[in-house]
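Structural overview
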Amino acid sequence: MPATQTLTCLPGIGPALANKLAKLGLTQVQDLLFHLPIRYEDQTRIVEMKQVMAPSHGLIDGKITSCGIQGGRRSSLIVNLDDGTGSLSLRFFNFNANQRRQFDTHQRMRCFGEIRTGPRGLEMVHPQYYLYDRISPPLEQALTPVYPATAGISQTRMRQLVNTAFVMLKAEAGGIEDLLEPLMDYRYKLPDLLTSLQCLHQPNSGEDTESLAHHHHPARQRLIIEELLAHQLSLLQLKRQDCSPAAVCAPKTDKANQLLKQLPFSLTRAQARVWQELSDDLSKACPMVRMVQGDVGSGKTIVAALATCQVVDASCQVAILAPTEILAEQHLNNFQQWLAPLQIRLVWLAGKLKIKPKREALAAIANGQAQVVVGTHALFQDSVNYYNLGLIIIDEQHRFGVAQRHALLQKSKTGTVPHQLVMTATPIPRSLAMIAYADLDHSVINELPPGRKPVNTAVINNQKRDHIIERIATVCATGRQVYWVCPLIETSEFLQCEAAEATAVSLQQQLVHLRIGLMHGRLNSAAKATVMADFKNGHINLLVATTIIEVGVDVANANLMVIENAERLGLAQLHQLRGRVGRGTGQSHCILLYQHPLSRSGRERLSTLRDSSDGFEIAEKDLQLRGPGEVLGTRQTGAIILRIADLVRDAQWLPEIKILAADCQKQPNLADKIIHRWLGNKNQYGKV
Ligand code: ADP
Ligand code: MG
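On a predicted model such as this, the values are computed, not experimentally measured, just so you know.

Moving on: the packing of helix 19 (residues 571-578) against helix 20 (residues 600-611). Put simply, helix 19 and helix 20 touch, their axes get as near as 10 Å, and they point 35° apart. Our pair here, helix 19 against helix 20, has a crossing hand that is right-handed. Contacts between helix 19 and helix 20 involve Leu571, Leu574, His575 and Arg578 from the first element and Arg605, Leu606, Thr608 and Leu609 from the second. Per-class residue counts for the contact of helix 19 with helix 20 are four nonpolar, two polar and two charged.

Next up, the structure:
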């Protein structure tokens, strides 16, 4: 297939140039054609000076009438041109004597550049130009494409390369295959591949430069669809690859049922539905890869515990992985409390464990003594050998990338692949989930346990801080507890902790009767555990913390949260933080303190949060405000690098992409070709 050959097969591309092109992500011949121009110049016609408008780009032609240096802060060389219909000046800031001498009066000049209104009328600054006497240079036949910054390759060279690629691909049969043809049936009324590419790289002189550069142009839409499809297919393929056999953990139900009986509450309908989905998946020989999304407080943990029971019943081990030690410890407590009465043996494994307990934990994991292992990333270091790992539970999925998740699957020694359950409290907008998490099945717990009231949220100017402090005193006097969150103000974690410390000191001066605790990332794990325990059992009235408490922390008696500098945080994070209150019955409150004046987007974020408690709605808004990269987090962004498409802007195609992907699976090799075209040899999502 000529299109997929390496670039060095094109005449004129040696190793040095190939290296430069590789830096732009261009390695195959066809890559040149998918490297689209960002804008176009019209050098096919000359604009008469009397018709020139500013601002615009255009080609002009005229006779030099004068040339001189203009003083001022930065001296500039001014060349005045006249074309018989009007006049216009050229302005050069960096010029030398030679250049000045070139501009002989009565010479003719052809110039292309941006026209703007200068101090003395219309002018062109630093145009591309060509000087001549009598024979006027020919006009371009086609619009001139301008490519994105090209690491030491000139625009002219880039155009030549693209042209060479076209010539080669058109000369050979099957040169560049239209991979969507068998799928689309042109139901979208979009041009075919070759027509699209030619239209974008070598547009006819009549085309409108503005509309060509716009993503709505049908030729661009044609390519956007194909790129989105490639990513979708790549993730789906990853999902299929994992379909090596898993341990069949059919429900024996005794332990799960015992757990259900022992709970002080019954499951919500949503929890029961999701538990059923998990139970079904776990009984199959194909590994479960399922994400459970549920708003903060929707009760994901108990569902995970039920799944754990079913897997332990089938004599397999369960690993429970949390992103922070605080959260892992909390899971340990919850699971211990639920599972120990059922004679299930748990062990704890975290990075900071001392040598002896660590050795013991590792031994218990390796010989199967430990049925459930709770911990942080330490669970998946090489030194950990599982006896028979049947299920991995990852809490707060958004902190782990796709690649990491797939790396975990390599851990089983028994030849089976563990089932995988990921839980996230950060609802992912549907559009994003469909493509970014196409390798997962989804379950949603879309219901809160009964009796929960939405947190009452207020947006308040920091100048009213004293009011708030009085209110804290009142709340604590009734026996309830309060969080005070100091978000990231400085980028350094150290400064962030210092800020929290300083806040704790100053609050203590105003609230002398309260017991104030401090929680931040620089405390060692023992100190963190003590603070958390003290807050949980009520010894601490007010907990001052950095955003470290964002995930998972569960103290039902705390019903007021104050978030300082709330305008600096993203919506998803604020929603997460707020989820720490409103966990018990009774009304809870969240106060978003902001520093005046608020930016427009700051105001929009805070009022979205005040008016909504629906995680999905907030996530959609977050996506609009911040874009997919930010919403998915850095690790995920690394995984989705789109050349032409944009997940948010082009979201309207996503349902269509799903249908195309399903059709595509029916045609042998087609998916592979599409993936290879856009993602190269590597399946980027599988990379660790
Ligand atoms: P999240 O989904 O945020 O992880 P948790 O699993 O921590 O939520 O649950 C929040 C709280 O709600 C816990 O204290 C849990 O015991 C309680 N809970 C869970 N399910 C129910 C239910 N069906 N009825 C009442 N309380 C529940
Ligand atoms: Mg949780």
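Near ligand 1 there are 16 residues, and of these Gln271, Gly297, Lys300, Thr301 and Arg452 occur at the shortest range. One of the backbone nitrogen or oxygen atoms of Ser266 is found 2.9 Å away from a nitrogen atom of ligand 1. Within the backbone of Gly299, an N or O atom sits 3.1 Å from an oxygen atom of ligand 1. Within the complex, the protein chains bury 83% of what would otherwise be the 560 Å² of accessible surface of ligand 1. Classifying every residue of the shell around ligand 1 gives four nonpolar, seven polar and five charged.

To describe a pair of aromatic rings, you give the distance between the ring centres and the angle between the ring planes. One pass over the structure, following the stated rule, counts seven aromatic pairs. Ring centres of Phe103 and Tyr129 lie 5.4 Å apart, and the angle between their planes is 55°; on these two criteria the pair is classed as tilted. Placement of Phe103 in the loop between helix 3 (97-102) and strand 5 (108-118) and of Tyr129 in strand 7 (residues 128-132) is noted, with a sequence separation of 26 residues between them. On the basis of relative accessible area, Tyr129 is assigned to the partly exposed category, the value being 29%. Here a set of aromatic residues connected by ring pairs shows up, and it is made of Phe92, Phe103 and Tyr129. Sitting above the plane of the Phe93 ring, Arg74 keeps its charged end 4.3 Å from the centroid.

Of all residues in the chain, 90% attain a pLDDT of 70 or more, and the chain-wide mean is 86. Within the model, the stretch residues 634-638 combines pLDDT values under 50 with 10 contacts to residues more than four positions away or in other chains.

Buried residues dominate strand 20 (residues 558-563), accounting for six of its six residues. By the bridge criterion, five bridges tie strand 17 (residues 481-485) to strand 20 in an arrangement that is parallel. Counterpart to Tyr483 in the pairing with strand 20 is Met561. The pairing of strand 20 with strand 21 (residues 589-594) spans four bridges and is parallel. From the neighbouring strand, Val562 faces strand 21, where its bridge partner is Ile591. Following the chain from strand 20 across helix 19 to the adjacent parallel strand 21, one finds a crossover that is right-handed.

Here we have seven strands laid out as an open sheet, ordered 11-12-10-13-14-9-15, and parallel in their pairing. Single-partner strands in this sheet number two, and they are strand 11 (346-349) and strand 15 (441-445). Averaged over neighbouring strand pairs, the angle between their axes works out to 20° when direction is ignored. Examined bridge by bridge, strand 11 and strand 12 (residues 372-375) share four bridges and lie parallel to one another. Its bridge partner lying in strand 12, Trp348 is registered against Val374. The sheet contacts of helix 11 (residues 300-313) involve strand 9 (289-294), strand 10 (317-321), strand 12, strand 13 (389-395), strand 14 (419-424) and strand 15, and relative to strand 13 the element is tilted by about 170°. Taken strand by strand, helix 13 (residues 355-367) contacts strand 10, strand 11 and strand 12, and its axis lies near 130° from that of strand 11.

The relative placement of two packed helices comes down to the angle between their axes together with the axis-to-axis distance. Packing of helix 4 (residues 155-171) against helix 6 (residues 193-201) brings their axes to within 12 Å, and their N-to-C directions diverge by 155°. In terms of axis orientation, helix 4 runs roughly antiparallel to helix 6. Note on packing geometry: the crossing formed by helix 4 with helix 6 is left-handed. Where helix 4 approaches helix 6, its residues Val162, Phe166 and Lys170 are matched on the opposing element by Leu194, Leu197, Gln198 and His201.

This part is about helix 12 (residues 325-339). Over its 15 residues, helix 12 extends 20 Å from the first C-alpha to the last, a length consistent with the 21 Å expected when each residue adds 1.5 Å. Restricting attention to buried positions, one finds in helix 12 the residues Glu325, Ile326, Leu327, Ala328, Gln330, His331, Leu332, Asn334, Phe335, Trp338 and Leu339.

Reading guide: rules and limits
- Residues numbered from 1 in each chain as written.
- Chains lettered and ligands numbered in written order.
- Predicted model: local features only at pLDDT ≥ 70, side-chain atom pairs only at ≥ 80, totals over all residues.
- Heavy atoms only, no water.
- Axes fitted to C-alpha atoms, helices over the stretch in contact; angles between N-to-C directions.
- Helix = DSSP H or I, 4+ residues; strand = E, 2+ residues; numbered from the N terminus.
- Left-handed = near helix turned anticlockwise from the far one by under 90°.
- Contact = heavy atoms within 4.5 Å.
- Nonpolar A, V, L, I, M, F, W, Y, C, P; charged D, E, K, R; others polar.
- Near = heavy atom within 4 Å.
- Polar contact = N/O pair within 3.5 Å; in protein donor to acceptor, adjacent residues only side chain to side chain.
- Areas by Shrake-Rupley, 256 points an atom, 1.4 Å probe, with all protein chains shown as cover.
- Phe/Tyr/Trp six-rings, centres within 6.5 Å; stacked < 30°, edge-to-face > 60°.
- Buried < 20%, exposed > 50% of the residue type's maximum accessible area, 1.4 Å probe, protein only.
- Lys NZ or Arg CZ within 6 Å of the ring centre and 35° of its normal.
- pLDDT = per-residue confidence, 0-100.
- Pairing = 2+ DSSP bridges.
- Right-handed = clockwise from strand over helix to strand, strands pointing away.
- Parallel < 35°, antiparallel > 145°, perpendicular 65-115°, else oblique.
- Expected span 1.5 Å × (residues − 1).

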